[in-house]
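# Geometric and topological summary
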Amino acid sequence: MHGTVDGFSYGLVTPLVAYVMACLGGALGLRCTTRALLVSHSWRPGWLALGSAAIGSGIWTMHFIAMMGFTIQDAPIHYDKPMTYASLAVAVAMVGVGIFIVGYRGATGTALFTGGTITGLGIASMHYLGMAGMSFNGTLEYNTFTVGASVAIAMVAATAALWAAGQVRGFLWSVGAGLVMGLAVTGMHYTGMAAMKVHLHTGAPVPGDSPTTLLAPMLIGPLAFLCLAGVVILFDPLMIMGGPDRAPVEHKPGVPARPGSAHPAHTPRRLRLRTRGTAAHHETRTPQNR
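One structure accompanies this document, and this report is about it.

Applying the stated rule across the entire model yields six aromatic pairs. Aromatic side chains F8 and Y190 sit 5.6 Å apart centroid to centroid with 10° between the ring planes, which places their arrangement in the stacked category. On the criterion of sequence distance, the pair formed by F8 in the loop between β1 (5-6) and α1 (13-36) and Y190 in helix α6 (residues 171-194) is long-range, its members being 182 residues apart. Exposure remark for F8: the relative accessible area of 44% places this residue in the partly exposed category. For Y190, a relative accessible area of 23% puts it in the partly exposed group. The interplanar angle of 80° and the centroid separation of 5.5 Å between the aromatic rings of Y128 and Y142 together place this pair among those described as edge-to-face. Taken together, the residues span a long stretch of sequence, with Y128 in helix α4 (residues 109-132) and Y142 in strand β5 (residues 138-142) at a distance of 14 residues. Y128 sits in the buried class, given a relative accessible area of 19%. One aromatic cluster is present, formed by W60, F64, Y79 and Y85 through successive ring pairs. Against the face of Y104 rests R44, its NZ or CZ located 5.6 Å from the ring centre.

Below, the structure written as structure tokens:
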């Protein structure tokens, strides 16, 4: 028989908190992506990895906060712990691939399309893998068309967010990109939930960990990591100002300097004094009568 489901058991509390978490993770992750575009290649992998983990943690936390408001009448819901944490690993890994592509190739053309598509697929994979870890006395059935629409929403919005992050136009621009990313995650989640139908079975309840048991590691772990990422951003002035790092100018003997790179401070002091003295000597010298 068909089960009666309710995705808003706590009203608008769980959707709003879930959206805030998705925006927080997206804003921090995309800001790290922007920062990676401003630094040298030696620092870039670290910033991109931090951004991938922030976005993955944000969308994973968003998903399970939203699932706290999901209930099935007369069917207790349990979660398989390995499958649940596997969805987190998939989210971080796939989002990381997309972010690294944009971080090294730039937010233009094929790289942006490829990175946004992979990031969107990572969001969708996290959602449906997390749903696969949910167990109850019944089965789930999905509408293919609605599932495809949810995946398309994730890919389009993720591509737009990565494009905005690649513009390097300051902190507020990255916040706007985070809002778009949050919209991608929550829109994909609830569109995917609308594609689901529940068929209940008769028999004993399915064993597994309850949502309450998973609540502590779900919230404390990712939230602590997001707070740590926020601290890293706040203590890096260039993250707020959006200014690029200036690479030091290398001076090698025998190699001509590039145009516009010469500076009086790099001219030897003895040579400058000698040149200045010679110029003064020629200016004060008077012609002799023949």
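That was the structure; now back to the text.
Right, let's get into the side chain of N137. In this fold, N137 is placed in the loop between β4 (134-135) and β5. One polar contact links the side chain of N137 to the main-chain carbonyl oxygen of H201, over a distance of 2.8 Å.

Here we come to the nonpolar core. Counting residues in hydrophobic clusters, the biggest one holds 58 residues, and the most contacted among them are L30, I59, F70, I72, I123 and M134. Looking at this core, the elements that each hand over two or more residues are α1, α2 (44-67), α3 (81-105), α4, α5 (144-165), α6, β6 (196-200) and α7 (211-234). With 12 residues, α2 is the largest single contributor of residues to this core. Excluding anything up to four places from it in sequence, I123 contacts I59, A154, A158, M181, V185 and M188.

Viewed as axis vectors pointing N to C, α1 and α2 meet at an angle of 175°, and their least axial separation amounts to 8 Å. Taken together, the axis directions place α1 and α2 in an arrangement best described as roughly antiparallel. Along the lines of polarity and charge, the residues of the contact of α1 with α2 split into 16 nonpolar, eight polar and two charged.

Okay, the side chain of H127 next. Relative to the elements of secondary structure, H127 occurs in helix α4. Here H63 takes part through its side chain, which lies 3.3 Å from a polar atom of the side chain of H127. Within the local environment of H127, its side chain forms a polar contact with the side chain of H189, the two groups lying 3.3 Å apart. Apart from residues lying up to four places away in sequence, H127 is in contact with H63, M188, H189, G192 and M193.

With that out of the way, let us pick up the environment of L129. With respect to the helices, strands and loops of the structure, L129 is situated in helix α4. Looking at L129, the relative accessible area reads 23%, which means it is partly exposed. Taking the C-alpha atoms as reference points, L129 and M83, 46 residues apart in sequence, are found 7.2 Å from one another. Apart from the residues within four sequence positions on either side, L129 is in contact with M83, A86, S87 and V90.

Cut-offs used in this document
- Residues numbered from 1 in each chain as written.
- Predicted model: local features only at pLDDT ≥ 70, side-chain atom pairs only at ≥ 80, totals over all residues.
- Heavy atoms only, no water.
- Phe/Tyr/Trp six-rings, centres within 6.5 Å; stacked < 30°, edge-to-face > 60°.
- Helix = DSSP H or I, 4+ residues; strand = E, 2+ residues; numbered from the N terminus.
- Buried < 20%, exposed > 50% of the residue type's maximum accessible area, 1.4 Å probe, protein only.
- Lys NZ or Arg CZ within 6 Å of the ring centre and 35° of its normal.
- Polar contact = N/O pair within 3.5 Å; in protein donor to acceptor, adjacent residues only side chain to side chain.
- Core = buried A, V, L, I, M, F, W, Y, C linked by side-chain atoms within 4.5 Å.
- Contact = heavy atoms within 4.5 Å.
- Axes fitted to C-alpha atoms, helices over the stretch in contact; angles between N-to-C directions.
- Parallel < 35°, antiparallel > 145°, perpendicular 65-115°, else oblique.
- Nonpolar A, V, L, I, M, F, W, Y, C, P; charged D, E, K, R; others polar.

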